[in-house]
Amino acid sequence: MALKSRHLLGLEGIERNDIELILNTARSFREVLDRPIKKVPTLQGQTVVNLFYESSTRTRISFELAEKRLSADAVNFSSSTSSVKKGETLVDTARNIEAMKIDTIVIRHSSPGAPHLLTKYLDSNIINAGDGAHEHPTQALLDLLTISEHHPKFEGLTVGIVGDISHSRVALSNIHGLKAMGAKIILCGPSTLIPREIDKLGVDISYNIDEVIENVDVLMALRIQLERQGTSFFPSLREYHNFFGITRERLEKANKPITIMHPGPINRGVEISSDVADSEHSVILDQVTNGVAIRMSVLYLLSGGQNVTEQN
Ligand code: CP
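Residue indices follow the written sequence of each chain, beginning from 1 at its first position. Where totals are concerned, whole chains, interfaces and linings use all residues; where local detail is concerned, this predicted model gives features only for residues with pLDDT of at least 70, and gives and counts side-chain atom pairs only at 80 or more. Only hydrogens and water are set aside when side-chain values are computed; all heavy atoms of the structure are taken into account.

Asker: Help me understand the pairing of strand 8 (residues 218-221), please; the structure alone is not making it clear to me.
Answerer: A regular strand places its side chains on the two faces of the sheet in alternate fashion. Burial along strand 8 is two-sided: the residues Val218 and Met220 and Leu219 and Ala221 are all buried. With four bridges joining them, strand 5 (residues 158-162) and strand 8 adopt parallel strand pairing. In the sheet register, Val162 faces strand 8, and the bridge partner there is Ala221. Buried residues are those whose accessible area, probed at 1.4 Å on protein chains only, stays under 20% of the maximum for their type, while exposed residues exceed 50% and partly exposed ones sit between those limits. The helix and strand labels rest on DSSP assignments: H or I over at least four residues marks a helix, E over at least two residues marks a strand, and numbering proceeds from the N terminus. Paired strands, in this sense, are two strands between which DSSP finds at least two bridges.

Asker: Can you walk me through the packing of helix 1 (residues 16-32) against helix 11 (residues 284-302) in this structure?
Answerer: Each pair of packed helices can be described by the angle between their axes along with the distance between the axes. For the pair helix 1 and helix 11, interaxial distance at closest approach is 8 Å and the crossing angle is 115 degrees. At the point where helix 1 passes helix 11, the crossing takes the right-handed sense. In contact with Leu21, Ile22, Leu23, Thr25, Ala26, Phe29 and Arg30 of helix 1, helix 11 contributes Thr289, Asn290, Ala293, Ile294, Met296, Ser297, Val298, Tyr300 and Leu301. Note on residue categories: nonpolar means Ala, Val, Leu, Ile, Met, Phe, Trp, Tyr, Cys or Pro, charged means Asp, Glu, Lys or Arg, and polar means any other residue, Gly included. Taken together, the residues of the contact of helix 1 with helix 11 break down into eleven nonpolar, four polar and one charged. Interaxial angle, 0 to 180 degrees, is taken between N-to-C directions of lines fitted to C-alpha atoms, where a helix line uses only the stretch in contact. We call a crossing left-handed when the near helix sits turned anticlockwise from the far one by less than a right angle, and right-handed when that turn is clockwise. Contacts are residue-level and defined by heavy atoms, with any inter-residue pair within 4.5 Å sufficient.

Asker: Any chance you could explain the site of the ligand here in plain terms?
Answerer: What surrounds the ligand is the set Ser56, Thr57, Arg58, Thr59, Arg108, His136, Gln139, Pro263 and Gly264. Polar contacts, as counted here, are pairs of nitrogen or oxygen atoms within 3.5 Å of one another; within protein the pair requires one atom able to donate a hydrogen and one able to accept it, and residues that are adjacent in sequence qualify only if both atoms are side-chain atoms. Between a nitrogen atom of the ligand and a main-chain N or O atom of Gly264, the distance comes to 3.3 Å. All accessibility values rest on the Shrake-Rupley procedure with a 1.4 Å probe; residue burial counts only the protein chains present in the view. Isolated, the ligand exposes 250 Å² of accessible area, and the fraction of that covered by the protein chains is 91%. Taken together, the residues that form the shell around the ligand break down as one nonpolar, six polar and two charged. The criterion for a residue being near a molecule or strand is simple. One of its heavy atoms has to lie within 4 Å of it.

Asker: Hey, could you run me through the environment of Gln287 in this one?
Answerer: Structurally, the position occupied by Gln287 is in helix 11. Gln287 sits in the buried class, given a relative accessible area of 2%. Measuring from C-alpha to C-alpha, the distance between Gln287 and Met100 comes to 34 Å, with 187 residues separating the pair along the chain. Apart from the residues within four sequence positions on either side, Gln287 is in contact with Gln139, Leu142, Asp143, Thr146, Met261, His262 and Pro263. At 2.8 Å, the side chain of Gln287 forms a polar contact with the side chain of Asp143.

Asker: Would you mind showing me how to read the environment of Val270 here?
Answerer: By the element assignment, Val270 lies in the loop between strand 9 (259-261) and helix 10 (274-277). Remark: the alpha-carbon pair of Val270 and Asp92, spanning 178 residues in sequence, is separated by 41 Å. Those residues in contact with Val270 that lie beyond four places of it in its chain are Ile224, Leu237, Tyr240, His241 and Gly245.

Asker: What should I look at first to understand the packing of aromatic side chains in this one?
Answerer: Two measures describe an aromatic ring pair: the distance that separates the ring centres and the angle between the ring planes. Centre distance within 6.5 Å is the pairing criterion for rings of Phe, Tyr and Trp, where only the six-membered ring of Trp is used; planes under 30 degrees apart are then read as stacked, over 60 as edge-to-face, and the remainder as tilted. Counted under the stated rule, the structure contains four aromatic pairs. Ring centres 5.6 Å apart and planes at 80 degrees place the aromatic pair Phe29 and Tyr300 in the edge-to-face group. Placement of the pair is Phe29 in helix 1 and Tyr300 in helix 11, with a sequence separation of 271 residues. Phe29 gets classed as buried once you look at its relative accessible area, which sits at 0%. Members of the aromatic cluster, joined through ring pairs, are Phe234, Tyr240 and Phe244.

Asker: Would you mind going over helix 6 (residues 169-181) with me for this structure?
Answerer: The periodicity of an α-helix, 3.6 residues per turn, causes residues three or four places apart in sequence to face the same way. Take the residue count of a helix, subtract one, and multiply by 1.5 Å to get its expected span. Spanning 13 residues, helix 6 covers 18 Å between terminal C-alpha atoms, matching the ideal 18 Å at 1.5 Å per step. Counting buried positions along helix 6 gives ten out of 13 residues, so the element sits mostly inside the fold. By the burial criterion, the buried members of helix 6 are Arg169, Val170, Ala171, Ser173, Asn174, Ile175, His176, Gly177, Leu178 and Met181. Structurally, the start of helix 6 carries an N-cap: the backbone nitrogen of Val170 is 3.3 Å from a side-chain oxygen of Ser168. At the C-terminal side of helix 6, Gly182 shows a positive phi close to 95 degrees.

Asker: Got a minute to help me understand helix 8 (residues 237-244) in this structure?
Answerer: Taken together, the buried positions of helix 8 are Tyr240, His241 and Phe244. Projection of helix 8 onto a plane perpendicular to its axis shows the buried side chains occupying an angular sector of 100 degrees, all on one side. Tucked into the core, helix 8 has its buried residues touching strand 5, strand 6 (184-188), helix 7 (209-215) and helix 9 (248-252). Think of the arc as the fan of directions from the helix axis to the C-beta atoms.

Okay, structure coming up:
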């Protein structure tokens, strides 16, 4: 079985079979990461360029590690030290890099649709590593993999996503991915940070975090984007924490353990308290580990890979 597309631009419209293929392949690669020698020859001879126009810790390092674990040649591009500073366009930059004979471009960009644009001008495989407030598909896939390690089935599972839904590519990709897998989703946050008509995507909405906690198996906190403060989506960070912060006191009122997730970076004491972020029910660092396996899986499958066990 192979993926239907040679690009990964988003999870909107993705079929459940494709998600399951990516997750199953990632489970095989996850095992490679626990070996003393964490490397397989799967993508030997292939070149992947990580084209990052926005800052990143987890996604950039995770892709680079995934490429190295698969024996691909990994090249990092940072817009701040490139000829972008001299006015070169995204398409010109990408076409020049492609002229150096590469196979795959991983792109993070602040403009929604930047990865889609590259598919019109380039022959390389394109992977979206986050495009503005649009999608972050590999984040949602690593979230699905992490959830599956703690909950046997997505059907019957309820996932709460709490925070700045309006500006979150993580929320949108998770909505598409979780829906495709059959989970129920409740979005929660200040009304100013929940887009109108998002219920048309088949999600529930609540403005009461305590009510959400009563009804979910998994709770995903989103980063409050401190760089957007000053635009008054809510009165203060203290008030946000009081109304929507995930705290131990709130979680103790639930009658079951809830799996706690966060894509990072965390604002401790704002969207999540430190003791919850570091608690036994937090899988935040597992998400990061699984990110390498998911990115190995996506790189492998987009390059035409089918049967991962033969490669290992
Ligand atoms: N989760 C995530 O995308 O983190 P980075 O911005 O550090 O890559």
